[in-house]
Amino acid sequence: MPDMEWLSSMTTEPRKLKREATVRRNSFQIISVKKSEVPDYLSEGWEIDRELKTKDRIRKQWAHDYRLENRVWYLFYLLGYPEISSGRNFQVTIHRKGAEPLKKQIDVLAKDEETVIVTECKSSVRISRRSLQKDIEEFSNLKGPISNAIKKHYGREFKPKIIWVFVTNNIAWSNPDRQRAAGANIKIITEKELRYYLQIADHLRSAARFQFLAEFLSNQKIPEMENVRVPAVKGKLGGKTFYSFVSTPKQMLKIAFVNHRSLNDPAGAPAYQRLVSRTRLRQLSRFIYDGGFFPTNILVNFSTKCRFEQLAKDTDTNVAFGHLYLPNRYRTAWIIDGQHRLYGYAPLTDEYLNQNIMVVAFEGLKKEEEANLFVTINHEQKSVPKTLLDDLEGELKWGSDRPSERIGAICARLIGLLNNDIGEALYGRVTQQGIAPTEKTCLTVPALKDGLRRSGLVGQAILKKKEYAPRALCGTTDSRTLERARGILNSYFQLLATSNTEQWEAGREGYLCTNVSLQAYLHLLSEIISYMESNKGLTARELESSDLIAEIEEYMDPILSWLASATDSEMESRFKVQFGSGGPIEYFFRLCRLMREEYSDFSPDGLDEWEAEQSEERVHEADRKLKELNIQVQKAIFDTLKDKYGVAKDAYWNKGVIDKKIKARAYEKSLDDDDEDRLSLDHYLDFIEYKKIVENKVHWPLFKPLFDIPDPGEKGYTKNIRWMERINELRRVPAHSTEKRLYKIRDFEYIDFIYEEFMNRLESTSIDTKNEDNT
């Protein structure tokens, strides 16, 4: 049997750990070099981070595999592990009989007084599916030698719980590989779980170690909690056994576990808690440190039956008094309410960790009952975010007899599955409670759930009959509906993602992968399926998933082809819609226009009426915007000239309007008004004359920030004011309307573009001016 011995050192000195953490937490490798050496480094992919007098700081992004190892190392640092492997080449030696010793690198190893964590890290540049069988088997075969090396290095008296972890990034695990890892007692952390642990460790610091260990040492014994008993009251509430007792934070932190929505329980238990708030934790820690205490109970659920020694009993209330033996295993006290109060003690010293806290513990509640209690308590005391309530519906309402609740539960679970499918289009795109959204992670559960409900893809509620009607993506059971819908929607969104990767990856900065767009595309999918069924006489529910996707792709061709060649400006021009409830339907009908270019009879309910109504509404809206533009352009021009020349003796007019013909025409127009109604001459100009004032080379620098607007899709000219000519022409539509003089669709879009661009610049210019005045 080969054995191992330490070859590299562990970092234990706090200052060295902190120094190494500073390096590892950054995405970039940063070094200082002489200025004369900078060009050589730049040619090798480095970039300047900061210019110094004699040297420059340059940086280069770590390689993806090194970056993963750094993030894992930094996680253990945040978790408060006092010993962590130093450097990237931490190695042990395997001694083999009759053969040369082998050196084995351990990517990251962390140790505290009770546990040792041994990690193997595997990363890929892009999301990929690859077999990890060889890696898992090799790691598994080395568990014995590594364990022996740990005991040899730290002494036989040290008997830690060793956690073997495989950490991956951008690797889609196959079911066989997951089974191999589970069989070898190797835990798996993907990039999703790593992000969660880093987030909670950043919030809780060393206190997060309890949550981390609870996840991977579930149901294993905690020696320090053996035969720990507290005085308690035992009774019944709502037919459920409960205990009321006084414990300490130090005791409860060891056995507690919070099942956050951001992680979800690997065993499939419903998760309902929000991620802890760092600000709130700091406030509570300060409150406790200053002598504060909580007169309210922390509410937990013991997942195992507890030993209770009865000393007395009140027969009237059926309440017993005695000693309760607390659970002595990890992850046996699930926190229903009070996670912030409990974890508020975590960063404090033993003086505070040994203070008394009040606890009420139920025994053996189902996870659905825990979630219902959580919602009941928090909905009354502090509003639970709608995102969390929508997310919880998949757990609380699963299997409901009410059709609307049943559909809501299917939708909520389906969104969770789509968000967790590594390698698929929606992977990691849905925001999670307590974790900050990003440009790409910008979709929300409520918006997507609303889109799924309205589409009817996973069923409709027949209100009059109070029945559930299965639809195109439904299976024979709700669970089969989940699997069928999951596969079809993953394929559908993949078609969109690959048609214009740049727009899809832009997230909320683009117009393809947003809440509004995906609600519209879900609606479109439903209508395409209905159109296909009508045209071909097929029934979508009877088709295999692959056959249905093939049919959908055929009908989606007009849209996919347009997306494939669409520029960012074209996407914005066609699909920039208003915020609010009207946005998705507006986006949907614009998609329908693309469909009609190839399928002229494609006519979802409401499309024809919408176009008629939309035309009338948009005419009024275009008229209003043109009028407002005229007013604001005139005001902006002459406010600017008044600021420059002043109003004394009409200097702003005499010096600002250089063209004598413009002045003469304005004076002639003013004579049409009676003396008492006559305004200043700047109110008698035509819109096209504003352009002549703005483009004059004397005043152009004054007006350029506000008026220099290139037309959509154009790179621009020295003076981008052609839009004023176009707006002047469009003003003739309402001013001189006839039966045939009407706005075209492109006119509406052009007016919207210019109006929004000009008003945004006007507001920005106004803010800048105010700031200058204040300065």
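Residues numbered from 1 in each chain as written. Predicted model: local features only at pLDDT ≥ 70, side-chain atom pairs only at ≥ 80, totals over all residues. Heavy atoms only, no water.

**Examining the overall build of the protein chain**
When helices and strands are tallied, the protein chain shows 31 helices and 22 strands. Pairs at least 24 apart in sequence give 68% of the contacts found in the protein chain among residues at least 6 apart. When the accessible surface of the protein chain is summed, it comes to about 39,100 Å², and 47% of that surface belongs to carbon and sulfur atoms. (Helix = DSSP H or I, 4+ residues; strand = E, 2+ residues; numbered from the N terminus. Contact = heavy atoms within 4.5 Å. Areas by Shrake-Rupley, 256 points an atom, 1.4 Å probe, with all protein chains shown as cover.)

**Regarding the pattern of salt bridges**
In total, this model carries 42 salt bridges according to the counting rule given. A salt bridge links Glu756 to Lys576, with the nearest nitrogen and oxygen atoms 2.6 Å apart. One end of the pair, Glu756, is in helix H31 (residues 745-774); the other, Lys576, is in the loop between helix H22 (568-575) and helix H23 (582-596), with 180 residues separating them in the sequence. Since its relative accessible area comes to 32%, Lys576 is described here as partly exposed. Linking Arg624 and Glu621 is a salt bridge whose minimum nitrogen-to-oxygen distance equals 3.0 Å. Of this pair, Arg624 and Glu621 both sit in helix H24 (residues 607-645), separated by 3 residues, roughly a single helical turn. The class of Arg624 is partly exposed, set by a relative accessible area of 40%. Counted as one network, the salt bridges with shared partners bring together Lys104, Glu120, Lys122, Asp135 and Glu138. (Salt bridge = Lys/Arg side-chain N within 4 Å of Asp/Glu carboxyl O. Buried < 20%, exposed > 50% of the residue type's maximum accessible area, 1.4 Å probe, protein only.)

**Some points on the sheet that holds strand E18 (residues 319-325)**
The 8 strands are arranged E15-E19-E16-E20-E14-E13-E18-E17 in an open sheet whose pairing can be described as mixed. Strands with a single pairing partner mark the edges of an open sheet, and in this sheet they are strand E15 (256-257) and strand E17 (307-314). (Pairing = 2+ DSSP bridges.)

**With respect to the pairing of E17**
Where E17 meets E18, 7 bridges bridge the pair, whose relative direction is antiparallel. Bridge pairing in E18 places Phe308 opposite Leu324. In this antiparallel pair of consecutive strands, E17 and E18, the connection spans 4 residues, and Asn318 shows a positive phi of 60°.

**Thoughts on the packing of aromatic side chains**
Aromatic rings considered in pairs are described by the distance between their centres and by the relative angle of their planes. All chains considered together, the criterion is met by 34 aromatic pairs. Look at Trp73 and Tyr77: their rings are 6.1 Å apart centre to centre, the planes differ by 10°, and that puts the pair in the stacked class. Taken as a pair, Trp73 and Tyr77 lie in helix H3 (residues 64-78) at a separation of 4 residues, close to a single helical turn. What makes Trp73 buried here is its relative accessible area of 0%. A relative accessible area of 23% means that Tyr77 is categorised as partly exposed. Taking 5.8 Å as the distance between ring centres and 45° as the angle between the ring planes, the aromatic pair formed by Tyr243 and Phe308 counts as tilted. Taken as a pair, Tyr243 in strand E14 (residues 240-247) and Phe308 in strand E17 lie far apart in primary sequence, 65 residues in all. A relative accessible area of 17% means that Phe308 is categorised as buried. Within the aromatic cluster, the residues linked to one another by ring pairs are Phe76, Tyr81, Tyr197, Phe212 and Phe216. In this arrangement the basic side chain of Arg331 is found over the ring face of Phe257, its NZ or CZ atom lying 4.2 Å from the centre. (Phe/Tyr/Trp six-rings, centres within 6.5 Å; stacked < 30°, edge-to-face > 60°. Lys NZ or Arg CZ within 6 Å of the ring centre and 35° of its normal.)

**A short note on the packing of helix H19 (residues 515-536) against helix H20 (residues 545-555)**
With their axes 10 Å apart at the nearest point, H19 and H20 run at an angle of 100° to one another. For the element pair H19 / H20, the angle class is roughly perpendicular. Of the residues in H20, those in contact with Leu525, Ile528, Ile529, Tyr531, Met532, Asn535 and Lys536 of H19 are Leu548, Glu551, Ile552, Glu554 and Tyr555. Along the lines of polarity and charge, the residues of the contact of H19 with H20 split into 8 nonpolar, 1 polar and 3 charged. (Axes fitted to C-alpha atoms, helices over the stretch in contact; angles between N-to-C directions. Parallel < 35°, antiparallel > 145°, perpendicular 65-115°, else oblique. Nonpolar A, V, L, I, M, F, W, Y, C, P; charged D, E, K, R; others polar.)

**Considering the side chain of Ser526**
Here Ser526 is to be found in helix H19. Classification of Ser526 by relative accessible area gives buried; the value is 15%. One polar contact links the side chain of Ser526 to the main-chain carbonyl oxygen of Ser455, over a distance of 2.8 Å. For Ser526, the residues in contact, after removing those within four places along its chain, are Ser455 and Leu457. (Polar contact = N/O pair within 3.5 Å; in protein donor to acceptor, adjacent residues only side chain to side chain.)

**Here we look at H20**
Restricting attention to buried positions, one finds in H20 the residues Leu548, Ile549, Glu551, Ile552 and Tyr555. For H20, the angular spread of the buried residues around the axis is 160°, confining them to a single face. In this structure, the buried residues of H20 make contact with helix H17 (478-499), H19, helix H21 (557-565) and H23. (Arc of directions from axis to C-beta.)

**A short note on the environment of Ala208**
Following the sequence through the fold, Ala208 ends up in helix H8 (residues 208-216). Among the residues examined, Ala208 registers a relative accessible area of 1% and is labelled buried. In sequence terms Ala208 and Leu253 are 45 residues apart; their C-alpha atoms lie 9.7 Å from each other. The contacts of Ala208, once residues within four sequence positions are left out, are Leu79, Ile200 and Ala201.

**Details of the sheet that holds strand E10 (residues 115-129)**
Spatially, 6 strands are ordered E2-E6-E9-E10-E11-E12 in an open sheet, and the strand pairing comes out mixed. Looking at strand neighbours, the two that pair on one side only are strand E2 (10-11) and strand E12 (186-189), the edges of this open sheet. Inspection of the sheet shows E2 paired to strand E6 (residues 83-85) by 2 bridges, in the antiparallel sense. The residue of E6 that forms the bridge with Met10 is Ser85. The strands touched by helix H5 (residues 143-154) within the sheet are E2, E6, strand E9 (108-111), E10 and strand E11 (161-172), with E11 carrying the most contacts at an inclination of about 130°.

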